[in-house]
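Residue strings, one per chain:
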Amino acid sequence: MYFFNRNKGECVMEKKWWQDAIIYQIYLRSFKDSNNDGIGDFNGLISKLDYLNDLGVNAIWVSPHYQSPMDDNGYDVSNYYKVSKDYGNIDNVVDFIEKAHARDMKVIFDLVLNHTSDEHEWFEAAKDPSHPDHLKYHDYYIWQKPKYDNEGNKKMPTNWRSWFGGPVWEYNEKTDEYYLHIFSKKMPDLNWRNENMKNDLKAVAKWWIDKGVDGFRVDASNHLEKNWDFPDAHPGYEHFSSLPKHHEYLEEFGVEIFGPNDIMAMGEAGGATKEEAIKYCGYENNEFDMLIHFGHCWADCDDSNHITPGKWSKGKIDVKSIKNSFNKWFKMLNGEGWNLIYWHNHDHPRILSHYGNDSVYHNESGKMLAYILYMMPGTPIVYQGEEIGMTNVDYENLTDFRDVEVYTEYDNFLSFGATHEVAMQTLRDRSRDNARSPFQWDSSINAGFSSTTPWMNVNRNFSAINLEKQIKDETSIYSTYKSLFKLRKEENISDGILEFIDIENDSSFIYTNETKTAIFLVVSNFTTHKIMTNLDIDINGYENIYNNYTNRELNKEMKLLPYEALVYKKKK
Ligand code: NOJ
Ligand code: CA
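Cut-off values and rules
- Residues numbered from 1 in each chain as written.
- Chains lettered and ligands numbered in written order.
- Predicted model: local features only at pLDDT ≥ 70, side-chain atom pairs only at ≥ 80, totals over all residues.
- Heavy atoms only, no water.
- Helix = DSSP H or I, 4+ residues; strand = E, 2+ residues; numbered from the N terminus.
- Rg over C-alpha atoms; globule rule 2.2 N^0.38 Å.
- Buried < 20%, exposed > 50% of the residue type's maximum accessible area, 1.4 Å probe, protein only.
- Contact = heavy atoms within 4.5 Å.
- Areas by Shrake-Rupley, 256 points an atom, 1.4 Å probe, with all protein chains shown as cover.
- Donors = N, O, S within 2.8 Å, 3.2 Å for Na, K, Ca; no water.
- Pairing = 2+ DSSP bridges.
- Axes fitted to C-alpha atoms, helices over the stretch in contact; angles between N-to-C directions.
- Core = buried A, V, L, I, M, F, W, Y, C linked by side-chain atoms within 4.5 Å.
- Phe/Tyr/Trp six-rings, centres within 6.5 Å; stacked < 30°, edge-to-face > 60°.
- Lys NZ or Arg CZ within 6 Å of the ring centre and 35° of its normal.
- Polar contact = N/O pair within 3.5 Å; in protein donor to acceptor, adjacent residues only side chain to side chain.
- Patch = residues over 30% accessible without salt bridge, like charges linked within 9 Å, V, L, I, M, F, W, Y side chains within 5 Å.
- Salt bridge = Lys/Arg side-chain N within 4 Å of Asp/Glu carboxyl O.
- Parallel < 35°, antiparallel > 145°, perpendicular 65-115°, else oblique.
- Left-handed = near helix turned anticlockwise from the far one by under 90°.
- Nonpolar A, V, L, I, M, F, W, Y, C, P; charged D, E, K, R; others polar.
- Near = heavy atom within 4 Å.

A. Just the overall build of the chain, in detail. Of the regular secondary structure elements, the chain holds 15 helices and 24 strands. Over its C-alpha trace the chain gives a radius of gyration of 24 Å, about what one expects of a compact globule, namely 25 Å for 572 residues. Along the first, second and third principal axes, the C-alpha set of the chain runs to 75 × 60 × 45 Å. Taking all 572 residues of the chain together, 62% fall into the buried category. Of the contacts formed within the chain by residues at least 6 apart in sequence, a portion of 69% connects residues at least 24 apart. On the chain, roughly 21,800 Å² of surface is accessible, and the fraction owed to carbon and sulfur atoms is 47%.

Here it is as structure tokens:
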């Protein structure tokens, strides 16, 4: 297998560290609080490095840790060079990097390049003509003059809708202009057509590289370019998503910053055609090394629901489409780029509640999801708490939720005709806060996350679902994750070739991963009812290595119980 080395500008036989990595995503605010102010922090993370090392992960992606008013939990950066006081200080960060490195773990930081906070000094100057640096910074953002209707009333420049539910424009009296924000109004979008702005962001990345960072996850990377003709369109996402020019910006960043510093870069982007996928993360291209895409993430939306529409509408899980998404990406990048695999991140519901079953089949479905993902080739990202089967939140009051998006969307649901109960259930099923409740370490107060009331309530199921309990139990979800991670390394699972079996079947999830030394076969039932397999393969020589009910010999026809899953191995 060949890997492109950007430093040498050629294909070489050497494998990069991130191709063997198991990345663990830390949502810092909710991981571990060290000073009992109810907020997770760097010292809390440091105190858990041995835990992560023992789990078998060897790279850590930390959610944004920069100074921020926390409108969007740090994705609204007000100073890229400062550490949020919630999380500690620069010495704690350097200490974290050193201690992670001492354990052979790589450090990946989140790089937010699409927008800043409205409290960033660039924006403070940009919005105020009396500010001494106004002229320098005004064009760092995207401004448009108001439009007027026939009666002379002010109108927004376009009717585009932001990702968080309201309009993308906010009026600024001092300049009589609107600024663009595709996320919250406290997150003005940066103007990537401005050379000085780009250079300032490159300097930010370089500064953190000099602190010892090994990689970046580039936030909202397909939104950097906008359609500057500003046509009306609702919701209008196509005018600020995946426009061709954003590849030029990413290429420039990659060539000047990531490549020369041997930095692993993983971008975040919605969908992509094969041509685009190769631009993002083809071995011979310079943008990223891997791509976080969402092909498999919302395979259960009910398009007929107009009361809680889009991602909020919970429907039947389309198992075929989940398989087809994984398959598409492996085929698209086959031999030309490297795949990244994950179930969910901090923007999605908990996978066990979303695609599994958190009431009757907690343990079974949690393990099924684990076998399916972690027996696949590519580089996995595990999201904090996934390894103990954490579930969606059980909040009863709207005020229990913390996410900025929740509040705009709750009002939208009511205006579309939802009752309070329907809106609340929708939030419990689909909101991003599901993934953000504090890590459940043990059964002590606040699940061992903090001795003070946490910034966000702990899930009430923490005495049943927590790490301390699962560590002692060989049959727990945690023990399964740990064992799978060990196997991934021993068997070079990341290098294998993925082939689905009966991909159009809407209940089963069956595939082989062929490595240099063995064929691994995953046979599973993705539903709550019993199903029958009809395996059209040579079944000889397979040995059962994992199961979530009992050990069973491989057969062409097998009756699988709800969420039953088995992993088989055949030596070559
Ligand atoms: C994607 C991040 O994952 C999400 O949490 C954030 O709200 C948006 N980008 C805006 O930065
Ligand atoms: Ca703290």
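And the narrative resumes.
B. Looking closely at the coordination of the calcium ion (ligand 2). At the metal site, the calcium ion (ligand 2) is ligated by Asp33 (OD), Asn35 (OD1), Asp37 (OD), Ile39 (O) and Asp41 (OD), and these contacts range over 2.2 to 2.3 Å. Between consecutive donor residues of the calcium ion (ligand 2), the sequence gaps follow D-x1-N-x1-D-x1-I-x1-D. Judged by relative accessible area, Asn35 falls into the partly exposed class, the value being 47%. Judged by its relative accessible area of 11%, Ile39 falls in the buried class.

C. Seen up close, the sheet that holds strand β22 (residues 543–547). Spatially, β18-β19-β20-β24-β22 is the arrangement adopted by the five strands of the open sheet, whose pairing is antiparallel. Edge positions in the open sheet fall to β18 (497–501) and β22, since each of these has one partner strand only. Geometrically, the sheet is characterised by an average inter-axis angle of 20° between neighbouring strands, direction not taken into account. Pairing of strand β19 (residues 508–514) with strand β20 (residues 518–525), which is carried by seven bridges, proceeds in the antiparallel orientation. Note on β20: the bridge partner recorded for Glu514 is Ile519.

D. Focus on the nonpolar core. By size, the foremost hydrophobic cluster in this structure holds 150 residues, and its most contacted members are Phe96 and Phe109. Contacts of Phe109, omitting those with residues within four sequence positions, involve Phe42, Val62, His65, Tyr66, Val93, Phe96, Ile97, Trp208, Val213, Gly215, Phe216 and Arg217. Ala21, Met264, Met266 and Cys297 belong to the second-largest nonpolar core, a separate cluster that totals 16 residues.

E. Focus on unusual backbone geometry. Here the amide bond leading from His234 into Pro235 is cis, since omega sits at 0°, within 30 degrees of zero. Examined against the element boundaries, Pro235 turns out to sit in the loop between β13 (215–219) and α7 (245–258). Even without being glycine, Asp502 reaches a positive phi, approximately 55°. Among the structural elements, Asp502 can be located in the loop between β18 and β19. Judged by its relative accessible area of 40%, Asp502 falls in the partly exposed class. Of note in the backbone geometry, Tyr563 takes a positive phi value of approximately 60° without being a glycine. Positionally, Tyr563 belongs in the loop between β23 (559–560) and β24 (565–571).

F. Region of interest: the packing of aromatic side chains. As enumerated under the stated definition, the model contains 51 aromatic pairs in all. Ring geometry for Phe123 versus Tyr141: centroids 4.9 Å apart, planes at 80°, classification edge-to-face. Residue Phe123 is found in helix α4 (residues 121–126), and its partner Tyr141 is found in the loop between α5 (134–138) and β8 (143–144); the two are separated by 18 residues along the sequence. A single burial state applies to Phe123 and to Tyr141, both of which are buried. Following the ring pairs from residue to residue traces out a cluster consisting of Phe42, Tyr66, Tyr80, Tyr81, Phe96, Phe109, Trp122, Tyr137, Tyr140, Trp207 and Trp208. Looking at Arg29, its charged tip hangs above the ring of Trp455, at a distance of 4.9 Å from the centre.

G. How the structure looks around the side chain of Ser184. The residue Ser184 is located in the loop between β12 (177–180) and α6 (195–210) in this model. You can call Ser184 buried: its relative accessible area is 7%. At a separation of 3.0 Å, a polar atom in the side chain of Ser184 contacts the main-chain amide nitrogen of Lys186. If we ignore the near neighbours within four places in the chain, the residues touching Ser184 are Asp71, Phe164 and Val404.

H. Highlighting a nonpolar patch on the surface. A contiguous nonpolar surface patch, about 230 Å² in accessible area, is contributed by Ile307, Phe416 and Val422. Its location among the elements puts Ile307 in the loop between β15 (290–292) and α9 (319–333). A relative accessible area of 33% places Ile307 in the partly exposed class.

I. Region of interest: the packing of α6 against α7. At a closest axis distance of 11 Å, the pairing of α6 and α7 adopts a crossing angle of 40°. Considered as vectors, α6 and α7 are oriented oblique to each other. Like other packed secondary-structure pairs, α6 and α7 cross with a definite hand, here right-handed. For the pair α6 and α7, the contacting residues are Glu195, Lys198, Leu201, Lys202, Ala205 and Ile209 in the first and Tyr249, Glu252, Phe253, Glu256 and Ile257 in the second. A per-class count over the contact of α6 with α7 returns six nonpolar, no polar and five charged.

J. Inspection of the site of ligand 1 at higher detail. By nearness alone, 13 residues border ligand 1, and Asp72, Asp219, His346, Asp347 and Arg432 come closest of all. Contact between ligand 1 and His346: an oxygen atom at 2.8 Å from a side-chain N or O atom of the residue. Relative to its unbound accessible surface of 300 Å², ligand 1 loses 97% to contact with the protein. Of the residues contributing to the shell around ligand 1, the split by class is four nonpolar, two polar and seven charged.

K. Focus on the pattern of salt bridges. Scanning the model with the defined rule gives 43 salt bridges in all. The partner of Glu119 in a salt bridge is Lys186, with the nearest N and O atoms 2.7 Å apart. Linking Glu119 in the loop between β7 (106–112) and α4 with Lys186 in the loop between β12 and α6, this pair joins segments that are 67 residues apart in sequence. Accessibility expressed as a relative area gives 39% for Glu119, which makes it partly exposed. Between Asp429 and Lys314 there is a salt bridge; the shortest N-O distance is 4.0 Å. One end of the pair, Asp429, is in helix α13 (residues 420–430); the other, Lys314, is in the loop between β15 and α9, and 115 residues separate them in sequence.

Remember that the coordinates give geometry; whether it matters functionally is a separate question.
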